[in-house]
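Observations on chain architecture
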Amino acid sequence: MVRIAAFDAKEFNRIRYREIPDPENPEKTIKKISGFYSPLGSGIVSKYPEVLEEMIKESFKELESSFGFSSGAPFLGSHEIKTYLNKDMSKTIAFADQLVKKVQDYLEHAFFTYMVLPPSEIPFITVGGEKSPKKEIETYRFLRSCAPAFSALSAWAFASKHDLSDTKIMIDSFRYKKMTAWDQLIRKTKPEIYPHGDECNPFIALADILAFLTDVKLYRLGKNDVRYRRLTPDGIKEAWDDYSFPTDVWFLDKRGIGLFAWHRDELIDVKPYIKRPIVFFLADRIENLDVLRLPEAPAKENIPPERRFNRQLRNFPAFRAATKYAYQLGGSIQFYDPYQDADMVRDGDVIVFMGDNSKKIAKTLSDAYDIVIIRAKDLRKKLEG
């Protein structure tokens, strides 16, 4: 039986800012940064993926009933759980923890990765140099630049320690410039990348929940003991000491900089690894439709990002339905950008559309590819039915 290893990541932030006198001008102040910051990668490994998948869905349904909400989804990541619980953090923590306890016996182990690059010791990181200029960037900026890639870096770290001959690797989607670590990973295996992985893949959703709970557990321990205010192997293992699965922790430091610092400005091409079929969600951008805008409406560029229509789409029941449909198809889901994703569509993919313009784009693409086109409302009714 093929085992699975699924990876996601979050930011572990214990940074504090305080104002101190400016050494060059005592009448002014500057902000001094102290504390600890690193991306935190988490992975779950299971020899029994079919059983684990069913247990995740069964446990999630039970907990939804217990906590008094119904999402219509077979599972959710930590952010979506918090949304359905009205951003009540204590309830979110309890829900996530109970879910892990219900499925813990089906985990072979949990894998965690983080970075140790103290800016006080290593103020700059060298990047580039291959078909792009070599340059130095501040370490704290480099650490933050790694955060969007840390699901992939966690998979690479796992592959560096474990035999992958019988293991399928699943990674939450990421964006990063070309690095040696990725080249090494794809020489060993062909990973499956899932856009919105914690919404359409139950194993990535569970990895997301483990990352969330690790942050929470260490925050609580750190209130009374400063040792837990940064990531350490012993601290992470202690946080999960009461659970039935073992933990494996590996940190990345200056010895591996040449592997995970990008060597080219060109982005990694993830298209060959995205899990198919892709369910593309395509919606007209209402704020761009001038016919619907009132004269007193603010200029489009002045609309706050969090209030823009396209930003709100993830909360639409139609998008939830499309996410569930992607899971049922064994694929992934992503928003379709007509300006960037024209070369992403393949035979067998699905386009869920909202609006006349989106319908036209979908029909145009169907003349080039053997794809399924579904109106968002129809898909929602179909799955609700």
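Heads up: the structure comes first, above all this text.
This report concerns the structure included in the present document. (Residues numbered from 1 in each chain as written. Predicted model: local features only at pLDDT ≥ 70, side-chain atom pairs only at ≥ 80, totals over all residues. Heavy atoms only, no water.)

Looking only at helices and strands, the protein features 14 helices and twelve strands. Since a compact globule built from 385 residues should have a radius of gyration of about 21 Å, the 22 Å found for the protein is in line with a globular shape. The C-alpha extent of the protein, read off along each of the three principal axes, is 60 × 55 × 45 Å. Each of the 385 residues in the protein was classed as buried or not, and the buried ones make up 49%. Taking the contacts inside the protein whose residues are at least 6 apart along the sequence as the reference set, 71% of them involve residues at least 24 apart. If you sum the accessible surface of the protein, you get close to 19600 Å²; carbon and sulfur atoms cover 48% of it. The distance from the centre of the 60 positive side-chain charges to the centre of the 56 negative ones in the protein is 2 Å. (Helix = DSSP H or I, 4+ residues; strand = E, 2+ residues; numbered from the N terminus. Rg over C-alpha atoms; globule rule 2.2 N^0.38 Å. Buried < 20%, exposed > 50% of the residue type's maximum accessible area, 1.4 Å probe, protein only. Contact = heavy atoms within 4.5 Å. Areas by Shrake-Rupley, 256 points an atom, 1.4 Å probe, with all protein chains shown as cover. Lys, Arg positive; Asp, Glu negative; His and termini not counted. Charge placed at Lys NZ, Arg CZ, Asp CG, Glu CD.)

Counting 67 residues, the largest nonpolar core has Ile 44, Val 100, Leu 206, Trp 240 and Phe 281 as the members making the most contacts within it. Considering each element in turn, this core owes the most residues, eleven residues, to helix H8 (residues 202-222). Discounting residues that sit within four places of it in the chain, Leu 206 has contacts with Ile 44, Leu 52, Ile 56, Val 100, Val 103 and Leu 107. Among the nonpolar cores identified, the runner-up in size contains 53 residues, and Leu 143, Ala 149, Ala 157 and Met 179 belong to it. (Core = buried A, V, L, I, M, F, W, Y, C linked by side-chain atoms within 4.5 Å.)

Any functional reading would require information beyond the geometric quantities listed.
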